[in-house]
Amino acid sequence: MNEVRIGVVGYCPPTRFDEEEAARLIVTAFDVVANYYAGRSIVIVSGLTNVGVLALAYAEAVKRGWRTVGITSARALEHPLFPVDEKHIVGENWGDESPTFVANIDALVRIGGGKQSHAEARIVASSGRPVFLYELEAL
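What counts, and at which threshold
Residues numbered from 1 in each chain as written. Predicted model: local features only at pLDDT ≥ 70, side-chain atom pairs only at ≥ 80, totals over all residues. Heavy atoms only, no water. 1 Å grid on protein atoms, 1.4 Å probe; cavity = no way out; pocket = protein on both sides within 12 Å on 5 of 7 lines; lining within 4 Å. Points joined across faces, edges and corners; volume = space filled by probe spheres on them. Helix = DSSP H or I, 4+ residues; strand = E, 2+ residues; numbered from the N terminus. Expected span 1.5 Å × (residues − 1). Buried < 20%, exposed > 50% of the residue type's maximum accessible area, 1.4 Å probe, protein only. Arc of directions from axis to C-beta. Polar contact = N/O pair within 3.5 Å; in protein donor to acceptor, adjacent residues only side chain to side chain.

Visitor: Even after reading the chapter, I still don't get the layout of surface pockets, so can you show me in this structure?
Guide: In this approach, a probe sized like a water molecule rolls over the atoms, and the result shows the empty space that is left. Estimates place the volume of the largest pocket at around 570 Å³. Lining the largest pocket are 25 residues, with G10, C12, L54, W94 and Q116 sitting closest to its centre. Of all the elements in the fold, those that place two or more residues in the lining of the largest pocket are β1 (3-10), β3 (67-72) and α4 (115-126). The dominant element in the lining of the largest pocket, judged by the number of residues it contributes, is α4, at four residues.

Written out as structure tokens, the structure reads:
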């Protein structure tokens, strides 16, 4: 299969973080991913909202001509949404989507993030899939 699905997780409001630094880390991470998966078609899978690290990741993916996918719970519909190429709503509450999200990615990029981001990174790593971790301080 030529397509590789890269999950992206990280900080979302109300957590504040240095957005310039997060954007720099996303560019770095995506450069690493593009090199790691050279010759493959990359799809960015994240949480559908157009806020926080997710919005920055989707915007960078579009700049690179990569497809975008959103997997989230119905709670995301209360927030601005990124116009992804494909979306999936799973469950009613934050976290309901987590099993579907981790089952539908080949690797994960984490930029900072809270409990759910860290838990998803552990699940992906424990399954033997690549995880690219970038620490970012919450403000």
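Visitor: Help me understand helix α1 (residues 19-36), please; the structure alone is not making it clear to me.
Guide: One turn of an α-helix holds 3.6 residues; hence residues three or four places apart share an orientation. With 18 residues, α1 ought to run about 26 Å at 1.5 Å a step, and its terminal C-alpha atoms sit 25 Å apart, in line with that. Regarding α1, the residues found buried are A22, L25, I26, A29, F30 and V33. Down the axis of α1, the sector holding all buried residues measures 135 degrees, keeping them to one side. Set apart from the buried face of α1 by more than 90 degrees, the exposed residues are E20 and N35. Between the side-chain oxygen at the start of α1 and the backbone nitrogen of E20 there is a gap of 3.1 Å, and the oxygen is on D18.

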